[in-house]
Number of protein chains: 2
Amino acid sequence: MTRMYRPDLHPATFVGGATGAWKIESVRAVTGDGLPLVERLDVRVAADGVDAAGAWILRGVAGHERYVERAEHDRLKATSPALGRAEATCAALVPIRKSPAWWALSQDERRGIFEGRSRHISDSMPYLPRVARRLYHARELGEPFDFLTWFEFAPEHAQAFEDLVGMLRGREEWSFVDREVDIRLSR
Amino acid sequence: MTRMYRPDLHPATFVGGATGAWKIESVRAVTGDGLPLVERLDVRVAADGVDAAGAWILRGVAGHERYVERAEHDRLKATSPALGRAEATCAALVPIRKSPAWWALSQDERRGIFEGRSRHISDSMPYLPRVARRLYHARELGEPFDFLTWFEFAPEHAQAFEDLVGMLRGREEWSFVDREVDIRLSR
């Protein structure tokens, strides 16, 4: 079936296997089932019809923001770096799934946990522009994960990245994460 | 590719063609390009891999609410009827697409237009339980529409349904709709 993605959507297919621009350094099951360790990751700009033979294939589509308010958006935009910086030779792909309890919450309750109590946006800002990030949505695609977050950073900011993911994992929002895999990469 | 939808998601494929449980009474282009008039509509419980020969095929996935707050959710749940009522022999399928300007808004701005100024939720409530409704999301699926809304009602509530869609179309939220088709059905 042909899919026509509009310019403000960014489909991606992450193919873990024997080929691709990124070398996979580690695959760690943080919560729930992991994924097989493979050699390389190939990132394709398409969410469907990818002719790929990989040990695993994860699809997502990046698009509009779900919780960010205008003032936050403007602050994020001013400090968020682009993907693909020459010095950002380290990357992480973190697929997560949130529990049915999370998805049964209403928008105001999810926002209250996400930012009101977990400060996901405001406490991530100090890590910008060291860490570049793109959030892919996968839930409505029938994928095993709800979100695939892709991070890029230079080797000298590897500790800052650890601090960022450690901070997020310690917050109330993360109590709703029922599957998480942490994949580290380099190129 | 195999898609595994979790129980709180409802994938659907709407196949317009020569077969299906629903007779198509009319297809009207409200804004932008329409869709070909065909005889019947087949509604399949799947968002992918549908082996169907139709003049048009529209896919969507119903899931969690995007703008509804807890108090509104509880009021809606108390009065929203199920789909498939025996007396609800009339239906409408209304695919819409919203403009890039809508999707560039932040969550608080979209909520402000959707409910704060257009009262989409509160002014729809008086039409419950006469009109049953399910909203399918299609944007991240690479579909030509962002949303497919499915409505079911008894013949004696046809005017109430006209009033409901007329009200929604007159509100500020609808100024962001850049394509809309109105498909009426019976069984």
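Now for a quick tour of the structure. Quick caveat, the model's predicted, so the values are computed rather than measured.

## Comments concerning the overall build of chain A
Counting its regular elements, chain A contains 5 helices and 8 strands. Along the chain direction, N to C, the helices and strands of chain A fall in the order β-β-β-β-α-β-α-α-α-β-β-α-β. The globule rule puts the C-alpha radius of gyration for 187 residues at 16 Å, and the 16 Å found for chain A is close to it. Considering chain A as a whole, with its 187 residues, one finds that 53% of them fall into the buried category. For chain A, the share of sequence-separated contacts (at least 6 apart) that also reach a separation of at least 24 residues comes to 77%. Total accessible area computed for chain A in this model is approximately 8,200 Å², and 54% of it derives from carbon and sulfur atoms. Where the 27 positive side-chain charges of chain A centre and where its 28 negative ones centre are 1 Å apart.

## Here we look at the packing of aromatic side chains
How two aromatic rings sit relative to each other is given by the distance of their centres and the angle of their planes. Residues and elements named next belong to chain A. Taken as a whole and assessed by the stated rule, the structure comprises 18 aromatic pairs over all chains. Three or more aromatic residues joined by ring pairs make a cluster, and in this case those are Phe14, Trp22, Tyr136 and Trp150. For Lys98, the ring lying beneath its charged end belongs to Trp102, and the centroid distance is 3.9 Å.

## Points about the interface of chain B and chain A
With 37 residues of chain B at the interface, the matching set in chain A holds 38 residues. Buried surface at the junction of chain B and chain A, both sides included, amounts to about 3,300 Å², of which 41% is carbon and sulfur. For the pair chain B and chain A, the number of links is 8 salt bridges. The closest approach of N and O atoms between Arg139(B) and Asp8(A), which form a salt bridge, is 3.0 Å. Secondary-structure elements contributing two or more residues to the side of chain B that touches chain A are strand S4 (56-62), helix H1 (70-79), strand S5 (90-98), helix H2 (100-103) and helix H3 (107-117) of chain B. No other element matches the 4 residues that H3(B) contributes to the side of chain B that touches chain A. Its residues assigned to classes, the side of chain B that touches chain A shows 14 nonpolar, 5 polar and 18 charged.

What counts, and where the lines are drawn
- Residues numbered from 1 in each chain as written.
- Chains lettered and ligands numbered in written order.
- Predicted model: local features only at pLDDT ≥ 70, side-chain atom pairs only at ≥ 80, totals over all residues.
- Heavy atoms only, no water.
- Helix = DSSP H or I, 4+ residues; strand = E, 2+ residues; numbered from the N terminus.
- Rg over C-alpha atoms; globule rule 2.2 N^0.38 Å.
- Buried < 20%, exposed > 50% of the residue type's maximum accessible area, 1.4 Å probe, protein only.
- Contact = heavy atoms within 4.5 Å.
- Areas by Shrake-Rupley, 256 points an atom, 1.4 Å probe, with all protein chains shown as cover.
- Lys, Arg positive; Asp, Glu negative; His and termini not counted.
- Charge placed at Lys NZ, Arg CZ, Asp CG, Glu CD.
- Phe/Tyr/Trp six-rings, centres within 6.5 Å; stacked < 30°, edge-to-face > 60°.
- Lys NZ or Arg CZ within 6 Å of the ring centre and 35° of its normal.
- Buried area = accessible area lost by both parts, 1.4 Å probe.
- Salt bridge = Lys/Arg side-chain N within 4 Å of Asp/Glu carboxyl O.
- Nonpolar A, V, L, I, M, F, W, Y, C, P; charged D, E, K, R; others polar.

No statement about biological role is implied by the geometric values presented.
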